[in-house]
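Each chain, written out:
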Amino acid sequence: MPADDDGAPSVREAIGADARRIAALAVQLGYDVPLAHVERRLAARDAASEVFVGIVARVGVVGWVAATVRETLLSSRRAEIDGLVVDDEYRGIGLGGALVRRAEAWAARRECARIRVLSNVVRERAQAFYARAGYDLVKTESVFEKRL
């Protein structure tokens, strides 16, 4: 999806200069992620992780998607969408779908058998978005965590 002068969105790999905007958009997901953490993660990307940003001409970064390749003892090689957000003001212009398709293409090039996304049960709009994008609900689960 190429950018043009009328503000049509485009998608590209994230660069270090995008870190501040990525961190700011994470707040819309409910995550207060320190800028230094985002900068470290962008610098640490390798063949198993990627971040793409959605751009609107004359505005800049208005969305992002992060994906990681995972392969465990119990599951075949797959990709996971670790996060997806489009700025509230730019939802509904097709950018979320473009970001997801870019992550899917990236995962396919890495020979992933499937791509997965976890979505909190309270995120009904997100769940409807993924269903429209062809994702199937395959299970529900509880998440346990222990601080170390």
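Here goes a summary of the coordinates provided. Counting starts from 1 at the beginning of each chain's written sequence and moves along it residue by residue. In keeping with the predicted nature of the model, local features appear solely for residues at pLDDT of at least 70, side-chain atom pairs appear and are counted solely at 80 or more, and the whole-chain, interface and lining totals rest on all residues. Side-chain numbers here rest on the full set of heavy atoms in the structure, without hydrogens or water.

1. Quick look at the sheet that holds strand β2 (residues 49-56)
- One open sheet holds the 5 strands; their spatial order is β1-β2-β3-β4-β5, and the pairing between them is mixed. Here the strands that pair on one side only, and so sit at the sheet edges, are β1 (9-13) and β5 (115-117). Strand-to-strand, the axes of this sheet are offset by a mean angle of 25°, without reference to chain direction.
- In short, DSSP must find at least two bridges between two strands for them to pair. Only DSSP runs of H or I with at least four residues qualify as helices, and only runs of E with at least two residues qualify as strands; both kinds are numbered from the N terminus onward. Alignment of strand β3 (residues 60-70) against strand β4 (residues 78-86), held across 8 bridges, turns out to be antiparallel. Note on method: axes are straight lines fitted to C-alpha atoms, helices fitted across the in-contact stretch only, with angles between N-to-C directions ranging 0 to 180 degrees.

2. Looking at the packing of aromatic side chains
- Two rings from Phe, Tyr or Trp (for Trp, the six-membered ring) form a pair when their centres are within 6.5 Å of each other. A pair whose planes differ by under 30 degrees is stacked, one over 60 is edge-to-face, and the rest are tilted. Scanning all chains against the criterion turns up 2 aromatic pairs.
- Ring centres 5.2 Å apart and planes at 75° place the aromatic pair F129 and Y130 in the edge-to-face group.
- Here Y130 falls in the buried class, since its relative accessible area comes to 9%.
- Where Y130 meets Y135, the ring centres are 5.5 Å apart and the plane angle is 70°; that geometry is what we call edge-to-face.
- These aromatic residues form a ring-pair network of at least three members: F129, Y130 and Y135. Accessible area is worked out with a 1.4 Å probe on protein chains only. A residue is then buried under 20% of its type maximum, exposed over 50%, and partly exposed in between.

3. Some remarks on the nonpolar core
- Formed by 22 residues in total, the largest nonpolar core has its most connected members in V65, I81, L84, L99 and Y130.
- Elements represented by at least two residues in this core include exactly β2, β3, β4 and α3 (95-109).
- With 7 residues, α3 is the largest single contributor of residues to this core.
- If you look at the next biggest cluster of nonpolar residues, it comprises 16 residues, including L25, A26, L42 and I55. Residues belong to one nonpolar core when they are buried, are Ala, Val, Leu, Ile, Met, Phe, Trp, Tyr or Cys, and are joined through side-chain atoms within 4.5 Å.

4. Let's talk about the environment of L137
- In this fold, L137 is placed in the segment after α4 (124-132).
- Considering only alpha carbons, one finds L137 and G97, 40 residues apart in sequence, at a separation of 18 Å.

5. Details of the side chain of E50
- Mapping E50 onto the fold places it in strand β2.
- You can call E50 buried: its relative accessible area is 9%.
- Within polar-contact distance, the side chain of E50 engages the side chain of R45 at 2.7 Å.
- Once residues lying within four places of it in the same chain are set aside, the contact partners of E50 are E13, R45, V65, A66, A67 and W106. Contacts described as polar in this section are N or O atom pairs within 3.5 Å, which, within protein, must combine one atom able to donate a hydrogen with one able to accept it, while residues neighboring in sequence count only if both atoms come from side chains. We call two residues in contact when some of their heavy atoms are within 4.5 Å.

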